[in-house]
Amino acid sequence: TTDQCKNGECKPGPKANCDDGNTCTVSKCDPKTGCRSFAGAGEVFCWGLNDEGQLGVGDKINKLKPVTLQFSALSLALGHLHSCAVKPDGGVVCWGANDVGQLGNGKTASPQLTPDEVDGLTGVTEVAAGAGHTCALTSAGNVVCWGENGDGQRGDSDKEMSTKPGDVVLTG
């Protein structure tokens, strides 16, 4: 969802620039957790439910007010209990629950309380997060996914979870 920026605050409505040239971008999936990035400046703020570290602030304490994360992001994606961001260099970081490999860091240890690099990803332009899986689109037009796959979420014709990104073969 992209919102308007009025007097430094994001408000529902069509995409608009802030007075300082930044664009408000709100990402949310789980209604109990919210994160916001001011795309021009790259600042990331998160708040709400944090029982699996999905806010990326280094603890599992719920936050009633937005907390600034210590990195810049071009865009954000929130899954059910995990979050991911595209960094300005085209890499991806994820944090939160990781019981089915949804963070893409080669592990299934949960939770990851601070942002962690997704293994081997470069040139990413967009990221999307589901309940237990994550996908990314690269500047070359490739789609890669990782995490839960019991219903074929990763698009790789098997049902095995993966803790690292794998290519989705697009045909058509």
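Residues numbered from 1 in each chain as written. Predicted model: local features only at pLDDT ≥ 70, side-chain atom pairs only at ≥ 80, totals over all residues. Heavy atoms only, no water.

Asks: Could you give me a rundown of the state of the cysteines, with the residues and numbers involved?
Replies: On inspection of all chains with the given rule, the structure shows two disulfides. Across a sulfur-sulfur distance of 2.1 Å, Cys 84 and Cys 94 are joined as a disulfide pair. One quick way to see it: the torsion about the S-S bond of Cys 84 and Cys 94 is about 110°, and its sign makes the bridge right-handed. You can see Cys 84 sitting in strand β8 (residues 82-86) and its partner Cys 94 sitting in strand β9 (residues 92-96), a full 10 residues away along the chain. Cys 94 carries the same exposure label as Cys 84, and that label is buried. Through a disulfide, Cys 135 is tied to Cys 145; the S-S separation comes to 2.0 Å. An S-S torsion of about 110° defines the bridge between Cys 135 and Cys 145 as right-handed. (Disulfide = S-S within 2.5 Å. Helix = DSSP H or I, 4+ residues; strand = E, 2+ residues; numbered from the N terminus. Buried < 20%, exposed > 50% of the residue type's maximum accessible area, 1.4 Å probe, protein only.)

Asks: So what's going on with the environment of Val 118? Which residues, and what values?
Replies: Looking at the element boundaries, Val 118 is found in the loop between β10 (112-117) and β11 (124-129). For Val 118, a relative accessible area of 4% translates into the label buried. Separated by 14 residues in sequence, Val 118 and Gly 104 have C-alpha atoms that sit 4.9 Å apart. In contact with Val 118, other than residues within four places in its own chain, are Val 92, Cys 94, Leu 103, Gly 104, Trp 146 and Pro 165. (Contact = heavy atoms within 4.5 Å.)

Asks: So what's going on with the sheet that holds β11? Residues and values would help.
Replies: Read from one edge to the other, the open sheet built from four strands follows the order β11-β12-β13-β14, with strand pairing classed as antiparallel. Each edge of the sheet is formed by a strand with only one pairing partner; in this case those strands are β11 and β14 (162-167). Along the sheet, successive strands turn relative to each other by an average axial angle of 20°, direction set aside. Where strand β13 (residues 143-147) and β14 come together, three bridges link them in antiparallel fashion. Counterpart to Cys 145 in the pairing with β14 is Gly 166. (Pairing = 2+ DSSP bridges. Axes fitted to C-alpha atoms, helices over the stretch in contact; angles between N-to-C directions.)

Asks: Run through the environment of Thr 163, naming residues and quoting values.
Replies: Along the chain, the position of Thr 163 falls in strand β14. In the structure, Thr 163 is positioned 62 residues away from Gly 101 in sequence and 4.1 Å away in space, judged by C-alpha atoms. Contact partners of Thr 163, with chain neighbours within four places excluded, come to Gly 101, Gly 104, Asn 105, Gly 106, Lys 107 and Thr 108.

Asks: Account for the packing of aromatic side chains, with residues named and values stated.
Replies: Summed over the entire model, instances satisfying the criterion amount to one aromatic pair. Aromatic pair Phe 71 and Trp 95: ring centres 5.6 Å apart, planes at 70°, arrangement edge-to-face. Taken together, the positions of Phe 71 in the loop between β6 (63-69) and β7 (75-78) and Trp 95 in strand β9 put the pair 24 residues apart, joining distant regions of the chain. Judged by relative accessible area, Phe 71 falls into the buried class, the value being 17%. (Phe/Tyr/Trp six-rings, centres within 6.5 Å; stacked < 30°, edge-to-face > 60°.)

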